[in-house]
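# Overview (structure and organization)
Here is what each chain is made of, one letter per residue.
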Protein chains: 2
Amino acid sequence: MNFTGFTMVELITTKRDGDALPPDALRWIISEYTADRIPDYQMSAFLMAIVFNGMSSTELGAWTDAMLHSGDVLDLSAVTKPKIDKHSTGGVGDKISIPLAPIVAACGIAVPMMSGRGLGHTGGTLDKLESIKGFSTTIDPSDFADQLDDLGVAMVGQSETLVPADRRIYALRDATGTVPSVPLISSSIMSKKLAEDLDGLLLDVKVGSGAFMKTVEEATTLAETMVGIGERHGTPVTALLTNMSQPLGRAVGNANEIAESIDVLRGGGPEDIRRLTVRFAVEMLLLAGERDVDTANARVTEAIDSGAAFEVMVALVQRQGGDPAVIENTDLLPSAAHEHVLAAPRSGVVTRCDAYEIGVAGVRLGAGRATKKDDVDPAVGFLIEAKVGDVIEKGEPLALIAYNDESKLHSAIEALAGAWDIASDVGAAPAPTEGLILGEIRS
Amino acid sequence: MNFTGFTMVELITTKRDGDALPPDALRWIISEYTADRIPDYQMSAFLMAIVFNGMSSTELGAWTDAMLHSGDVLDLSAVTKPKIDKHSTGGVGDKISIPLAPIVAACGIAVPMMSGRGLGHTGGTLDKLESIKGFSTTIDPSDFADQLDDLGVAMVGQSETLVPADRRIYALRDATGTVPSVPLISSSIMSKKLAEDLDGLLLDVKVGSGAFMKTVEEATTLAETMVGIGERHGTPVTALLTNMSQPLGRAVGNANEIAESIDVLRGGGPEDIRRLTVRFAVEMLLLAGERDVDTANARVTEAIDSGAAFEVMVALVQRQGGDPAVIENTDLLPSAAHEHVLAAPRSGVVTRCDAYEIGVAGVRLGAGRATKKDDVDPAVGFLIEAKVGDVIEKGEPLALIAYNDESKLHSAIEALAGAWDIASDVGAAPAPTEGLILGEIRS
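An account of the accompanying structure is given in this report. Predicted model, so just to flag it, every value in this text is computed and none were measured.

### Overview of the pairing of strand β2 (residues 111-115) of chain B
Residues and elements named next belong to chain B. With respect to burial, β2 is a largely interior element, five of its five residues being buried. Residues V111, M113 and S115 point to one face of β2 and P112 and M114 to the other, with burial holding for every one of them. Inspection of the sheet shows β2 paired to strand β3 (residues 153-157) by five bridges, in the parallel sense. Of the residues in β3, the one forming a bridge with P112 is A154.

### Here we look at the interface of chain B and chain A
One widely used convention gives an interface's size as the accessible area the parts lose upon coming together. At the junction of the two partners, chain B supplies 21 residues and chain A supplies 21 residues. Counting each side, the surface lost to burial between chain B and chain A is near 1600 Å², with a carbon and sulfur contribution of 73%. On the chain B side of the interface with chain A, the three residues burying the most area are R16, Y41 and F52 of chain B, jointly 38% of the side's total. Viewed at the interface, chain A and chain B are joined by zero salt bridges. Scanning the region where chain B abuts chain A turns up seven residue pairs in polar contact (both at pLDDT 80 or more). Contributions of two or more residues to the side of chain B that touches chain A are made by α1 (8-16), α3 (40-53) and α8 (164-176) of chain B. Ranked by residues supplied to the side of chain B that touches chain A, first place goes to α3 of chain B with ten residues. Class assignment of the residues belonging to the side of chain B that touches chain A gives a composition of eleven nonpolar, seven polar and three charged.

### Examining unusual backbone geometry
Its identity as a non-glycine residue notwithstanding, V163 of chain A has a phi of 45 degrees, on the positive side. The class of V163 of chain A is buried, set by a relative accessible area of 1%.

### Here's the deal with the sheet that holds strand β7 (residues 338-343) of chain A
Residue and element names in this part refer to chain A. The strand order β6-β9-β11-β7 describes an open sheet built from four strands, whose pairing is antiparallel. In this open sheet, the two strands that pair with only one neighbour each are β6 (251-253) and β7. Neighbour-to-neighbour, the strand axes of the sheet open up by a mean angle of 20 degrees, direction not taken into account. Those strands touched by helix α11 (residues 255-265) are β6 and β9 (381-384), and its axis lies near 145 degrees from that of β6. Helix-sheet contacts for helix α16 (residues 355-365) involve β6, β9 and β11 (397-403), and the interaxial angle to β9 is about 145 degrees.

### Describing the relation of the copies chain B and chain A
With an RMSD of 0.0 Å, the operation that places chain B on chain A is a rotation of 180 degrees combined with a shift of 0.0 Å along the axis. Interpreted geometrically, this transformation is the action of a two-fold axis. When each C-alpha of chain B is compared by its distance to the rotation axis, Y41 of chain B comes out closest, at 1.9 Å. When the interface residues of chain B are mapped onto chain A, 100% of them again lie at the interface, so the same face is used by both copies.

Thresholds applied
- Residues numbered from 1 in each chain as written.
- Chains lettered and ligands numbered in written order.
- Predicted model: local features only at pLDDT ≥ 70, side-chain atom pairs only at ≥ 80, totals over all residues.
- Heavy atoms only, no water.
- Buried < 20%, exposed > 50% of the residue type's maximum accessible area, 1.4 Å probe, protein only.
- Helix = DSSP H or I, 4+ residues; strand = E, 2+ residues; numbered from the N terminus.
- Pairing = 2+ DSSP bridges.
- Contact = heavy atoms within 4.5 Å.
- Buried area = accessible area lost by both parts, 1.4 Å probe.
- Salt bridge = Lys/Arg side-chain N within 4 Å of Asp/Glu carboxyl O.
- Polar contact = N/O pair within 3.5 Å; in protein donor to acceptor, adjacent residues only side chain to side chain.
- Nonpolar A, V, L, I, M, F, W, Y, C, P; charged D, E, K, R; others polar.
- Axes fitted to C-alpha atoms, helices over the stretch in contact; angles between N-to-C directions.
- Least-squares fit on C-alpha atoms with pLDDT ≥ 70 in both.

The following block contains the structure:
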């Protein structure tokens, strides 16, 4: 780009004073920053000004578009199927992508799923997949379209060449207290997803203690902003607000979440995971052009019940270098050396099973990362035995803890112990699967 | 310092969210940043959060104190006279420090005046002094106290070893749009002044188009904040709010401002400069312990009328390596090759003579700096011939422009031409010296 006449100090000043910046100026910032011609210290001051003063929808459209074009953009025009992806804002026990992608692929849709790693209390799809022996989350770019056409699904990490601006800006935000900003979160997510050359996108915006957005109001603002970015870009987006006050399913970890995902593909698994997976699959079919909800539901159910989705999963693992025997028999997944039972301290009904605290305990156990450099132990994790609404007797298990390192177990238990509230009045808690979906926003 | 347990991201987050930081945390930030252990990109995000959320007076006290102790602190305990300095927030044609310091010194007070260079539309005392042939604004630290004791005055640049935190933070603020913040401005000024080991400080807070603070309200907030910092530190501070809507005196430049300063020391000079100089001198005597305003006034008048102040100026120039003949005969000051008369485009009364626009024109002429790296031409400048309230005929001079470079003259005239408003109704303007002092705040 060849815009002249902008100086970063003046643009920071304009944003600081609450005035809107012209699209050209925002494109110039992204292009100059990506080219190392704007220093981090100016960018971080600018990002902090955005945290305070936000961005108009015009500004946000230009900013996201500039990020999206800061590197390569996928060209999946060779893929004849409709291309629909799903993105979650991150939760605890959220393994839905793993059963979802093969189900949707079995329905004839291409799912070019690019996922991230876990950080902080939330897990990451890539970490979970890598607990399958041999599974590679890197695909040669030239094979990506072929695999999507053949198999209908690829599950990979974000390519280094896509949206380099986001990688740099995200690292800077992480170090400068500029993460919590609706326009910055929205543009980060949407630039990466729109660079995938999609025909439609499903967003799972988590709400509750284990999510970044603690209230339905905040989550609605984020969802509306992202749907708006999609609209401006001409890509249909559906956002569902889902409950992340307690972990999804029973398994929190990596290998154990793969096992639970396989259960769902076999028609089993915990009810909340099963329900959300089916609902998400239906939404992705609707985004792909299916007009009738009942038909969509029937297609999804058939994909599971016929075993077609399970077969796609086996083929996917094989194609990406993993051992398909692990999918046929999840006992072959890595397992921890020891198990500890966390027992209920008293009898009653569970009124809180806190996703955030369980997520933090997972990091301490080694199932997640406190910093990007940490390694993840695929074998360790929790099986949650008591969730909100469950009636429990004193001494019965709240959770089973699979662990390898005793000191990490103790540290995890410290965080885990406060995660449950148990009320003696058994009428105090809602039904366990009530309020799984808290809102929906569509283009 | 050995505080542990602070992480910069958490402290940025706290400030961003509007919560107060503990004094220890603020001291830690200054100490770690000065030691290069906090990167610029974190500091700039933190500074931007301060721009938005400010600082409590407890926070500001700790922050200023930490800056003040980030390097050497002067020890002037060997100086037996009371030590009083004056600081101006910067204006156009503001040469008051130059006659003021010798007058106050002639009254038996020590004035350890550390000044800055001009930047942007405002001039700097150091640049003006350097138009005196041979004058050095650097004194060996071991001679500083001696000179103060002997002569009662030293006029030098800020020592590199004093308040290094301010130098670094100021450079960062300048590059990141984080200059306009009352706590950041206050702590920058006060940390440097309090590091001078003063018994009292006079602040000249400029208000109007040529000043950073455009309204009396803003200037009052800044003045109160700085007086508050002085109080917490145990140093009496008096702040005067003075009018900077038009330039002070006639001369705007460097050598010509020295000449005008010498006129004041000889009992002459423009009325506004003379009045402000006397008033400031009286305030400094009061800060030094003089209790009676009339006596203070008489002492100041006597210092000028007796020639004692002029003699101090001659001795000061000699002591700091300058040619005292220049003070005896200001025609020896550098002079420009050419003069241009800016003529009034019509007859009437001057209702505006804009300090900011004249300051910008001065930079273009070469009398000031657009960036720190620019050189200043000591010989060029303006003599303002028509100020607010003056009645003028078409074709009479608004200003005399002394210049060396024709292209700079043209560029300066472009900025200068819009600086005057002339109304045909001669009752439209206030008296020229009305409203010189717009407020006062005392410890």
